[in-house]
Amino acid sequence: MDRHALCYLRWLGATMLAAGMAVALLVLLIDPYGLYGWVDVAGFNRVKAPLARYQYEIKLARALRLGPQVILVGNSRVEAGFDPDGPALRGANAVNLGIAGTGTPTAIGQLRYLAAHGIRPRRVIAGLDVVDALTSQPVPPARAPVLRIPWPGRLWRLDALLSAASLRDALWTVALQRDGDGAMATLRGFNPLRQYGSAARLEGYAALFRQRAQENAPKLAARAGGGLDVAAVRAEVRALLDAAARDNPAVRIDLLIYPYHAQLLAMFEAAGLWQRFEAWKALLREEVAAARLRHPGARIALADFGVYDRWQCEPIPAAGSDATTKWYWEAGHFKAALGEVLLARLDDPGGGASDAAGRAACMADQPGLFSDAARLVARARD
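A few points on the structure. These figures come from a predicted structure and were not determined experimentally. Position numbers for residues start from 1 in each chain and track the written sequence from start to end. A pLDDT threshold of at least 70 governs which residues receive local features in this predicted model, and a stricter bar of 80 or more applies before side-chain atom pairs are shown or counted, although totals over entire chains, interfaces and linings include all residues. Hydrogens and waters are ignored; side-chain quantities use all the structure's heavy atoms.

For the rest of this paragraph, the subject is the overall build of the protein. Only DSSP runs of H or I with at least four residues qualify as helices, and only runs of E with at least two residues qualify as strands; both kinds are numbered from the N terminus onward. Summing up its helical and strand segments, the protein has 14 helices and seven strands in all. For 382 residues, the compact-globule estimate of 2.2 N^0.38 gives 21 Å, and the protein sits close to it at 23 Å. Partly exposed residues are those whose accessible area sits between 20% and 50% of the maximum for their type, while under 20% is buried and over 50% is exposed, using a 1.4 Å probe and protein chains only. Relative to its 382 residues, the protein shows a buried fraction of 52%. For the protein, the share of sequence-separated contacts (at least 6 apart) that also reach a separation of at least 24 residues comes to 79%. Reported accessibility uses the Shrake-Rupley method at a 1.4 Å probe radius. Residues are deemed covered only where the shown protein chains occlude them. In the form shown here, the protein has an accessible surface area of approximately 17700 Å², with 58% of it arising from carbon and sulfur atoms. Here the globule rule is a power law, 2.2 Å times the number of residues to the power 0.38, and the radius of gyration is based on C-alpha atoms. Contacts are assigned to residue pairs with any non-hydrogen atoms lying within 4.5 Å of each other.

So this is what it looks like as structure tokens:
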């Protein structure tokens, strides 16, 4: 190799090395994923963008750094519904590990991973979704449960520090500080769905409810002739409770059935899923009772918010109206305001009206909600 070619390669290598170091330093300082904590300045990098990649790994890495005393797990309903910095959990060192589109196996993996790294929270709050347990085909009684648990690797850390995607996310993080409508998430894992707020202002809440209902109708109709995956439900709930309590005998565990809006509950009814919904609740109660025997020092409770209560029956603004809602973005996702109510009820369950009475009251107030739900499901079946 001649002298000029060697010199060129040296300059090229040095330039690439310098560029890589510059990118890494920028990512370290801006910290778009909340992994390093070197700099935390309002107006510069305090607001984080929602995680679009490595959600599982990054949320766990943050949790290891924060050493939480309260852990929330579940899907997007948890991620968007419970704010660790809200009034009920402020100062409790809580983290929200909810990840959209995931099921109980992901929560089990998160709890096992944190336990293996010495995290012993005093409280675990776990959301459970009946939709995950419903199948489109009848389930044989002897069906073996499937429990797939993702596990964080190590190479993601290099990619999160030194890649074009990380540089893009770092620059996005800086720009996000001055964007009041941009999608964001907090360091402790809460996603307030600000983009929903923007859509609601432009299109109205009726459009948000309608769009989600149209998405849900074919999914629920497809499960009308199916079954309930009993073996998987039992295995997953048992594994979840054991993961939370095995090496943490005094832990408090709150399982909660999500507070679906009445529109979605009415669609369950219209699709013929209500009986399986009740059977699923009975399985949860049985597994909670069994877990109390296995873990006598733990405080394990099941809260059933999958009922027609006054919050779940919040009226949907009429089409064309610019009225807002207090509790729900759409039928599947509740706002943090309702999350605060639910947390208070976990601490003080008290009494409440029966589900039958709640349904009757909801039907009396909003008969159109039930007829619309039935019409959407019937159309999806055709």
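After that view of the structure, there is still more to cover.
Only protein atoms enter the 1 Å grid, on which a cavity is a set of points fitting a 1.4 Å probe that cannot get out and a pocket is an open set with protein on both sides within 12 Å along at least 5 of 7 lines, lining residues being those with an atom within 4 Å of a point. Grid points are joined across faces, edges and corners, and a volume is the space filled by probe spheres set on the points. Enumeration according to the criterion identifies four cavities of 30 Å³ or more in this entry. Taken as a whole, the largest cavity spans an internal volume of roughly 60 Å³. Together, Pro-32, Tyr-33, Ala-49, Pro-50, Leu-51, Ala-52, Arg-53, Asp-169 and Trp-172 line the largest cavity. Charged residues are taken to be Asp, Glu, Lys and Arg, nonpolar residues to be Ala, Val, Leu, Ile, Met, Phe, Trp, Tyr, Cys and Pro, and polar residues to be all remaining types, Gly included. When the residues that make up the lining of the largest cavity are grouped by side-chain class, the tally is seven nonpolar, no polar and two charged.

Further remarks concern the sheet that holds strand S4 (residues 252–257). Note on pairing: two strands pair once DSSP finds at least 2 bridges between them. The five strands are arranged S2-S1-S3-S4-S5 in an open sheet whose pairing can be described as parallel. Each edge of the open sheet is held by one strand with a lone partner, namely strand S2 (94–96) and strand S5 (299–304). Direction aside, the axes of adjacent strands within the sheet are offset by 15° on average. Axis geometry follows a simple rule: fit a line to the C-alpha atoms, using only the stretch in contact for helices, then measure angles between N-to-C directions, giving values from 0 to 180 degrees.

With a phi angle near 55°, Asp-31 is a residue other than glycine that sits in the positive phi range. Within the secondary structure, Asp-31 is located in the loop between helix H1 (3–30) and helix H2 (55–66). Residues other than glycine seldom take positive phi values, yet Asn-93 does so here, at roughly 55°. Along the chain, the position of Asn-93 falls in the loop between helix H3 (76–81) and S2. Among the residues examined, Asn-93 registers a relative accessible area of 23% and is labelled partly exposed.

Our next topic: the pairing of strand S3 (residues 123–128). A large share of S3 lies buried, amounting to six of its six residues. Neither face of S3 is left uncovered, since the one carrying Arg-123, Ile-125 and Gly-127 and the one carrying Val-124, Ala-126 and Leu-128 both have all their residues buried. Relative to S3, strand S1 (residues 70–73) runs parallel, the two sharing four bridges. Bridge pairing links Ile-71 to Val-124 in S3. Here S3 pairs with S4 via six bridges, running parallel. Across the sheet, residue Leu-128 finds its bridge partner in S4, namely Ile-257.

One speaks of a salt bridge when a side-chain nitrogen belonging to Lys or Arg is within 4 Å of a carboxyl oxygen belonging to Asp or Glu. This model, assessed by the stated rule, comprises 23 salt bridges. As a salt-bridge pair, Arg-359 and Glu-269 come within 2.7 Å of each other at their nearest N and O atoms. Of this pair, Arg-359 sits in helix H13 (residues 355–365) while Glu-269 sits in helix H10 (residues 262–270), and the two are 90 residues apart along the sequence. Residue classification places Glu-269 among the partly exposed positions, given a relative accessible area of 24%. Connected through shared salt-bridge partners, Arg-53, Asp-159, Arg-168 and Asp-169 make up one network.

For the rest of this paragraph, the subject is the pairing of S1. Burial along S1 is two-sided: the face carrying Val-70 and Leu-72 and the face carrying Ile-71 and Val-73 are both buried. Here three bridges tie S1 to S2, and the two strands are oriented parallel to one another. From the neighbouring strand, Val-70 faces S2, where its bridge partner is Ala-94. In the classification by handedness, the crossover that spans S1, the intervening H3 and the parallel S2 is right-handed. Think of it like this: strands point away, you trace from the first strand over the helix to the second, and a clockwise trace means the crossover is right-handed.

What follows covers the environment of Val-70. Tracing the chain through its elements places Val-70 in strand S1. Sequence separation of Val-70 and Ala-92 is 22 residues, and the distance between their C-alpha atoms is 6.7 Å.

As used in these notes, a disulfide is a covalent bond between sulfur atoms, one from each of two cysteines. When two cysteine sulfur atoms are found within 2.5 Å, that pair is recorded as a disulfide. On inspection of all chains with the given rule, the structure shows one disulfide. Covalent S-S linkage joins Cys-313 and Cys-362, the inter-sulfur distance amounting to 2.5 Å. Sign of the S-S torsion, about -120° for the bond between Cys-313 and Cys-362, identifies this disulfide as left-handed. Taken together, the positions of Cys-313 in the loop between S5 and strand S6 (328–330) and Cys-362 in helix H13 put the pair 49 residues apart, joining distant regions of the chain. Each member of the pair Cys-313 and Cys-362 is classed as buried.

Attention now goes to the nonpolar core. Buried Ala, Val, Leu, Ile, Met, Phe, Trp, Tyr and Cys residues that are joined via side-chain atoms within 4.5 Å together make up what is termed a nonpolar core. Residues Leu-255, Phe-268, Phe-277, Trp-280 and Tyr-308 are the most contacted members of the largest nonpolar core, which totals 94 residues. Ranked by the residues each element gives to this core, the list is headed by helix H9 (residues 230–245), at eight residues. In this structure, Val-23, Leu-28, Tyr-36 and Leu-51 belong to the second largest nonpolar core, which totals 13 residues.

Here we take up the environment of Asp-85. In this structure, Asp-85 sits in the loop between H3 and S2. Between the alpha carbons of Asp-85 and Gln-214 there is a distance of 33 Å; along the sequence they are 129 residues apart. Not counting chain neighbours up to four residues away, the residues in contact with Asp-85 comprise Arg-90, Thr-186 and Arg-188.

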